[in-house]
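Listed here are the chains, written in short residue letters.
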Amino acid sequence: MILKIGDRVRFLNDVGGGIVTRIIDKRTVTVENEDGFEVPVLESNLLLVDVKGDSNLISSLPAEEDSNLKPAPMKLDSEAKKVDYYNDNIIKVPQTNFLDQSEGADQVGELLGLYIAFVPDNNLNPTDSNQYLYLINDSSYRVFYAISEWDSLKSLKPLNAGIITPDTKEEITFLTKEKLSTHLALNIQTVFFKNTAFKPQQPDFFNISIHASKFYKRGSYIENDFFDEEAMLITIADTKKEELIKSLTSNAINKSIESKDTPKIKSTKASITNEIVEIDLHIHELVDNTSNLTPTEMLDIQMARFKISLETAIKTKSSKIVFIHGVGNGKLKHELRKELEKSYPKLRYQDASFREYGYGATMVFLK
């Protein structure tokens, strides 16, 4: 059977049918169903109902089949919810009602927890092993996802796409040692939703760049709650960490007020000397363990501490405050001063005393 664009077809292995919209290759076409979704299907799995411009075929069908071609809802299962692009093979995605209530309403709450994981296939020697790439949904939301790899031409090569239900993990693809010996750049796009009333969440467009050396470091693989073996985890969305940051900033307010009540007591984290408040923004002074934090998350924590401490110093009528940010790559210093110019244009600032702090501190004048 040779199909053409515009032909009306019926699915042999599923309910419903649609219109042929594209010829992918000699064996595969794209069919647009009555819901407006396009799905790739093998020609061998299709029945020609009406040739483009010819209604004779459809009139010859039995009456009970000559009705709507709209597919009936199907229960979501592992075969129906993803398109696997590995080795350039596109697997047909049967029509699925992703909001099927037969599964029960999704969980209450707005918890987000989405990660990717690299799991070695040789757990005894993970630094010299092929890797399974997983997507983990540790949240109360369902997630549409599309995971792709950036290639040398600055375009995206799809690895996998589909839907993952709450509290599940999905194997995305298998990566060989040879593949991991070069730089790996991934793009992850996600949309969060439920099959009941829910609070909308911002979709994610997330680029991850992983240097090959990361896979050869034993410390990259840690114990976790998702696998029996150690794995390398990378956070995409995590409201638990956001709550941790909020908790941290609340503690920072209390500590800053306490330090103001006892101005002669020195502290490595926050102290007051001659009406100068000192705030140490080094990340190890703010959190006990940084192993699971990305550079962006660490910067967010440091900037949260900066804003809370500055507001507290203003309210308690301190005259000066020194933020010890260190030298490093200069990112924290740049963000700190940019925030001062944007949100506190009336405050004057300068490099703090070189004798006391070297090049790694900024003094802000509050009076």
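One structure accompanies this document, and this report is about it. No experiment lies behind these values; they were computed from the predicted model shown. (Residues numbered from 1 in each chain as written. Predicted model: local features only at pLDDT ≥ 70, side-chain atom pairs only at ≥ 80, totals over all residues. Heavy atoms only, no water.)

This part is about helix α6 (residues 331-343). The terminal C-alpha atoms of α6 lie 18 Å apart, and with 13 residues this matches the ideal 18 Å at 1.5 Å per residue to within 8%. For α6, the complete set of buried residues consists of L332, E335, L336, R337, E339 and L340. (Helix = DSSP H or I, 4+ residues; strand = E, 2+ residues; numbered from the N terminus. Expected span 1.5 Å × (residues − 1). Buried < 20%, exposed > 50% of the residue type's maximum accessible area, 1.4 Å probe, protein only.)

Under the definition given, this model contains eight aromatic pairs. Arranged with centres 4.8 Å apart and planes meeting at 15°, the rings of F144 and F193 form a pair that is stacked. Separated by 49 residues along the polypeptide, F144 in strand β9 (residues 142-150) and F193 in strand β12 (residues 184-193) bring together distant segments of the chain. Since its relative accessible area comes to 9%, F193 is described here as buried. Put simply, the rings of Y141, F192 and F198 pair up and form one aromatic cluster. One residue, K194, lies across the ring of Y141, its end atom 4.6 Å from the ring centre. The ring centre of F365 lies 4.0 Å from the NZ or CZ of R348, which sits over that ring. (Phe/Tyr/Trp six-rings, centres within 6.5 Å; stacked < 30°, edge-to-face > 60°. Lys NZ or Arg CZ within 6 Å of the ring centre and 35° of its normal.)

The next thing to look at is the nonpolar core. With 27 residues, the main nonpolar core has I116, F118, L135 and F215 as its most contacted residues. Only β7 (113-120), β8 (131-137), β9, β10 (156-164), β11 (168-175), β12, β13 (204-210) and β14 (232-238) provide two or more residues apiece to this core. The contact partners of F215, leaving out residues within four places of it in the chain, are F118, P126, T127, Q131, L180, L184, I210, Y221 and M232. Membership of the second largest hydrophobic core comes to 17 residues, among which are L281, F306, F323 and L340. (Core = buried A, V, L, I, M, F, W, Y, C linked by side-chain atoms within 4.5 Å. Contact = heavy atoms within 4.5 Å.)

Let us look at the pattern of salt bridges. Taken as a whole and assessed by the stated rule, the structure comprises seven salt bridges. Ionic pairing is found between R218 and E230, a salt bridge with its closest N-O pair at 2.8 Å. Of this pair, R218 sits in the loop between β13 and β14 while E230 sits in the loop between β13 and β14, and the two are 12 residues apart along the sequence. Given the relative accessible area of 45%, R218 is considered partly exposed. Taking relative accessible area as the criterion, E230 reaches 22% and is therefore assigned partly exposed. The salt bridge partner of D351 is K333, with a shortest N-O separation of 3.7 Å. A residue pair is termed long-range when its members are at least 10 positions apart, and D351 in strand β18 (residues 348-351) and K333 in helix α6 qualify at 18 residues. Note on D351: relative accessible area 44%, which makes it partly exposed. (Salt bridge = Lys/Arg side-chain N within 4 Å of Asp/Glu carboxyl O.)

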